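Residue-level structure breakdown
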Amino acid sequence: MRNLQTLNVLPILALASLFIKISGLISLQPVLTGPDLAYLSSRVAFRCVAPASSLPVTYELMGEGGVLIATHTAPEGNQTVAFFLKVTATSEGSYHCRATAGGSTGVSNSIKLSVVTPASHTRVTSEPFPPVAYERSRVVLSCDVTKGSHLSYTWFFNRKEVTSSTSSFFSLTGNKLVMGKVIPEHTGYYYCMAWSRVQDIKRFSSSAEVHVTVKVYVSKPSISFSISKEGATYTGNVTCRSTRGSPPVNFSLSLDDREVASLTATESLAAWFPVAMEPGRDMGVARCRVKTEVQELMSEPVTLEVVPVGGDVKAEVEYLFRADSTLAAARLSCRVSRGTFPYVSWLLNNSVLPSETQVDTHVQPVLSHYALADQRRTLLLAKLGREESGYYRCRARDSYDDSGPWVESAAVLVRVTERTLNSMPRATSSTETPPKPVTTTTEVITIAFCCFLLLMLAVGVVIVYKMFDREKAHARTATTKL
């Protein structure tokens, strides 16, 4: 009986032995999974599995050059094992898994691991340094880090992100922000951010702000002068001024090609120099010079001579019309034939008009219907009525001498009545003046020339007629003789 049982077990053992041998002959094909990027000092996991094996499997994680890193045994087939590693600087390289089961060995796919070093100690450097440049020059900012790999860069200008698609002022190349031809609008604060990303984890490092200054080239200086009087002493003041540029700039004054003064303007583009001056006397030829680290320009020369007010003073009136040809206003002009710094005053019927205590501006409204312009040389009568009718005169004196004598013009009549307002001749524009009874010089010359042409034409006609008449008489005489 026992022998019979033994005979029954033998086939089963044979089949088991055959199955083991067949399984040992099956080729293992392990699969390795894991990251290809990992931050330095982080922990990563590589997982290996041999899906076709039903026997216990020994897994070995192999590094670059076949170096054995770790070994794990799975008691059953199709069971995944994990290898946990702390990433160091030497962890970068290729990894694969080797599986052994029942005398059969298989090698997995390879995974190349790159170690990502987060950015640190980020700073902005500039070319040129310090970051100060003149307009239309080139400025390059670099985002530098002490440590870091696999980095991307983001730039900020005045705390707003800079992108190539949103700003034509900048060019982004690697870790550089390039400004090919800077303009004053490039002046401001810049900083950068160096960052890296592994899966959903982003690490960044920001720099401190750097101030970029774009300087403007200074313009050619202008020169002017003024004079004042204190007691019996006259003092001159020369002004040197540039309309554009970036302070600080150095201004100097030369008199008859000899430098007499110099100063540096740190907050403006103007300088003032006191000079000796006396009315009626030529004090020399003055010029201003402006100088920066890259420029040196000279002004036009000006003669420092103050001509006192004198000669003839003439007042003129001009009427202004609306589009419908009705009288709108009157403009009176004061012509002063001589004087460098005239101060003009207006009188209506021998009464000073308007108040001379008012401060003069470019166009100064003195009353609701008066206005002064052109340094008080023009008086505008914006309202015309009986109050404005009368005799107007202008007078002038030296503006620097309040006690100086006045030179007055003859009076001109501005007469406005209701009939005048409603029956003025038609005008083509609101600034056109009514026809004047006095013929201008151009009109006189034109009329005289036309008369001369008519006279010459008449003389020519008479001469031609006489010639033809003489020929006819001569022919008649010859016929008679025959």
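This text goes with the structure placed above it.
Every residue gets a number counted from 1 within its own chain, in the order that chain's sequence is written. With the structure being a predicted model, the display of local features is reserved for residues of pLDDT at least 70 and the display and counting of side-chain atom pairs for 80 or more, all residues being used for whole-chain, interface and lining totals. In computing side-chain values, all of the structure's heavy atoms are included and hydrogens and water are not.

Turning our eyes to something else, we now look at unusual backbone geometry. The peptide bond linking Glu 127 to Pro 128 adopts the cis configuration, its omega dihedral lying at 10°. Position of Pro 128 among the secondary structure elements: in the loop between strand E10 (123-127) and strand E11 (132-134). Positive phi is not limited to glycine here, since Ser 41 has a value of about 75°. Mapped onto the fold, Ser 41 is located in the loop between strand E2 (37-39) and strand E3 (43-49). The residue Arg 159 is not glycine, and still its phi comes out positive at about 70°. Mapping Arg 159 onto the fold places it in the loop between strand E13 (152-157) and strand E14 (160-162). The rule is simple: take the accessible area with a 1.4 Å probe, protein chains only, and divide by the maximum for that residue type; under 20% is buried, over 50% is exposed, in between is partly exposed. Owing to a relative accessible area of 65%, Arg 159 belongs among the exposed residues under this scheme. Per the convention used, a helix needs a DSSP run of H or I reaching at least four residues, while a strand needs a run of E reaching at least two, with both numbered from the N terminus.

Only residues above 30% relative accessible area that lack a salt bridge enter a patch, with like-charged residues linked at up to 9 Å and the nonpolar side chains Val, Leu, Ile, Met, Phe, Trp and Tyr linked at up to 5 Å. Note on areas: Shrake-Rupley, 1.4 Å probe, and residue coverage restricted to the protein chains presented here. Any carboxyl oxygen of Asp or Glu within 4 Å of a side-chain nitrogen of Lys or Arg constitutes a salt bridge here. In this tally, Asp and Glu contribute negative charge and Lys and Arg positive charge; neither His nor the terminal groups of the chain are included. Where a charge lies is defined by one atom per residue type, namely NZ (Lys), CZ (Arg), CG (Asp) and CD (Glu). Negative charge collects at one region of the surface, where Asp 256, Asp 257, Asp 282 and Glu 305 lie side by side. Tracing the chain through its elements places Glu 305 in strand E27 (residues 302-305). For Glu 305, a relative accessible area of 32% corresponds to the partly exposed category.

Whether two strands pair depends on DSSP finding at least two bridges between them. Spatial strand order, E20-E21-E24: three strands in an open sheet with antiparallel pairing. The open sheet terminates on both sides in strands that have one partner only, identified here as strand E20 (222-230) and strand E24 (270-276). On average, adjacent strands in this sheet sit at an angle of 25° to one another, irrespective of strand direction. In terms of strand pairing, strand E21 (residues 233-241) meets E24 through seven bridges, oriented antiparallel. Looking at the pairing, Cys 240 lines up with Ala 271 of E24. The angle between two axes is taken between their N-to-C directions and runs from 0 to 180 degrees, where each axis is a line fitted to C-alpha atoms and a helix contributes only its stretch in contact.

In this section: the state of the cysteines. Our working definition of a disulfide is a cysteine sulfur pair at a distance within 2.5 Å. Scanning the model with the defined rule gives four disulfides in all. The residue that forms a disulfide with Cys 334 is Cys 394, at a sulfur-sulfur distance of 2.1 Å. As the torsion about the S-S bond is roughly 75°, the Cys 334-Cys 394 disulfide counts as right-handed. With Cys 334 in strand E29 (residues 327-338) and Cys 394 in strand E35 (residues 390-398), this pair connects stretches of sequence that are 60 residues apart. Note on accessibility: Cys 334 and Cys 394 belong to one class, buried. Disulfide connectivity for the protein, with bonded cysteines indexed by sequence position, reads 1-2, 3-4, 5-6, 7-8.

Taken in spatial order, the three strands make up an open sheet running E1-E3-E6, and their pairing is antiparallel. Single-partner strands in this sheet number two, and they are strand E1 (31-33) and strand E6 (81-86). Direction aside, neighbouring strands of the sheet carry axes that sit 20° apart on average. Inspection of the sheet shows E3 paired to E6 by six bridges, in the antiparallel sense. Across the sheet, residue Arg 43 finds its bridge partner in E6, namely Lys 86.

On to the nonpolar core. As a rule of thumb, soluble globular proteins bury nonpolar side chains together. By size, the foremost hydrophobic cluster in this structure holds 25 residues, and its most contacted members are Leu 332, Trp 346, Leu 379, Leu 381 and Tyr 392. Residue assignment for this core shows that the elements contributing at least two residues are strand E28 (310-321), E29, strand E30 (342-348), strand E33 (370-373), strand E34 (378-381), E35 and strand E37 (412-414). Here a residue-residue contact requires only that any non-hydrogen atoms of the pair lie within 4.5 Å. In this structure Leu 332 touches Glu 316, Val 317, Trp 346, Arg 377, Thr 378, Leu 379, Leu 381, Tyr 392, Val 412 and Val 414, once residues within four positions along its chain are discounted. For this analysis, a nonpolar core means a set of buried residues of the types Ala, Val, Leu, Ile, Met, Phe, Trp, Tyr and Cys, connected via side-chain atoms within 4.5 Å.

This part takes up the packing of aromatic side chains. Any pair of Phe, Tyr and Trp rings, taking the six-membered ring for Trp, is counted once the centres come within 6.5 Å. Such a pair is stacked with planes under 30 degrees apart, edge-to-face with planes over 60 apart, and tilted for the rest. Applying the stated criterion to the full structure yields nine aromatic pairs. Geometrically, the ring pair formed by Phe 225 and Phe 341 is edge-to-face, given 5.7 Å between the ring centres and 90° between the ring planes. Here Phe 225, found in strand E20, pairs with Phe 341, found in the loop between E29 and E30; they are 116 residues apart in sequence, far enough to count as distant. Here the aromatic cluster, defined as three or more aromatic residues joined through ring pairs, consists of Phe 157, Phe 170 and Tyr 190. A ring is considered to have a charge above it if a Lys NZ or an Arg CZ atom is located within 6 Å of its centre and within 35 degrees of its normal. Across the ring face of Tyr 39, the terminal group of Arg 203 is positioned such that the distance to the ring centre comes to 4.2 Å. Across the ring face of Trp 406, the terminal group of Arg 395 is positioned such that the distance to the ring centre comes to 4.0 Å.

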